[in-house]
Amino acid sequence: MSSHPFIGSISSSVRLSVILKCIIESLVCFYAILINILIIISLLYIKRLRTTQNLLLINVSFACILFSVSCLLSISLTISILYFKTIPSFACQFIGFIVISSCHCLMFSYTLVTFVRFLTIIYPFNRKITSIQSIKIYLLFKWILAFLLPGISLILPKQQIIFQPKAKICTINQQSPILFITFCTGYIIPLILISLMNLITYINVTRSRQILGLSQTKLSRLNKRKRRNLRLLRQFSLFTVIFLLGWTPFIIIEVIDKEEKFSDAYYLFTLILPSICVLIDSHVILYWNKTIRHQIGVWWRILIRKSERNLHNRDDQTRNVDELSCTCMHSDV
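Residues numbered from 1 in each chain as written. Predicted model: local features only at pLDDT ≥ 70, side-chain atom pairs only at ≥ 80, totals over all residues. Heavy atoms only, no water.

Participant: Got a sec to walk through the packing of aromatic side chains? Specific residues and values, please.
Facilitator: In the structure shown here, the tally under the stated rule is four aromatic pairs. Between F90 and F94, the aromatic rings sit 6.2 Å apart at their centres with planes inclined by 10 degrees, giving stacked as the arrangement. Of this pair, F90 and F94 are both found in helix α4 (residues 89-122), four residues apart, which corresponds to roughly one turn of the helix. Overall, the relative accessible area of 67% leaves F90 in the exposed class. Exposure remark for F94: the relative accessible area of 43% places this residue in the partly exposed category. Ring centres of F115 and Y138 lie 5.7 Å apart, and the angle between their planes is 75 degrees; this geometry places the pair in the edge-to-face category. Placement of the pair is F115 in helix α4 and Y138 in helix α5 (residues 132-148), with a sequence separation of 23 residues. The exposure class assigned to Y138 is partly exposed, which follows from its relative accessible area of 22%. The structure contains a cluster of three or more aromatic residues connected by ring pairs, namely F97, W143 and F147. For the cation-ring pair, K142 lies above W143, with the distance from its terminal atom to the ring centre recorded as 3.7 Å. (Phe/Tyr/Trp six-rings, centres within 6.5 Å; stacked < 30°, edge-to-face > 60°. Helix = DSSP H or I, 4+ residues; strand = E, 2+ residues; numbered from the N terminus. Buried < 20%, exposed > 50% of the residue type's maximum accessible area, 1.4 Å probe, protein only. Lys NZ or Arg CZ within 6 Å of the ring centre and 35° of its normal.)

Printed below as a string of structure tokens:
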């Protein structure tokens, strides 16, 4: 462990801002974890939702859970550093790596959904490339890549992940060349790929309505399927935009503020946005999927009924005990 003088000289206003930020972000992360667990359970519980496409939705929910857990780990480390005024080097490296990897997992999950929808629309009659086996391969490759790319920062000779005094988190050093590579792999490249695939998909769906050589029934069925996939593609594109809006402010100040002239409050505020955006994405999934929302509502009503029944039984037991006590007192008299 290495002691840092600036930890001890932190002002009370900044310390209060850090604590407030940690509390808000913790509540948001716990709520996001709960929602995504309910989404995963619903998709696995309802048989008609066990589809190939919903496997991608389960993957997105797992990525959201991983991101929220990594944020909670980062919060715990920040509080520990402020309390003990020392920075555990290994914990800082490991948690920083987990946070960066979880961000890559989330962005790659959105990109993968866009890619599979893109293949479904461009190659509607080739079901092998969007089969369950193919999607499992895509998912495996996605998770490996999401942890492999940030792992470069761990094998380099110089320590790339450090505790940032302004942001109060462990992340890649602003002076490191790895910072730009990380932003490209986890932010810029996925955004470009998603935008290009959406553009090509839109052009394909627009032109497919005038395809010659197909019967009216096949053409109608094909266009209906493509419009449905295009709608789903737009939905996950919206998830990506929301998540990018959450990370853009922090990425901008990380790239621009090399001399750390921005205020601590601005750094702390921008760090809450990604967690809030993940929570918004989870709510959007619930809003668009009526079956999952209905199933969660059923479970909630069952839970309320059980609670009311337990409370009623407890009241009956209390009343019986009181009546028994009164009877014993009368008998003694």
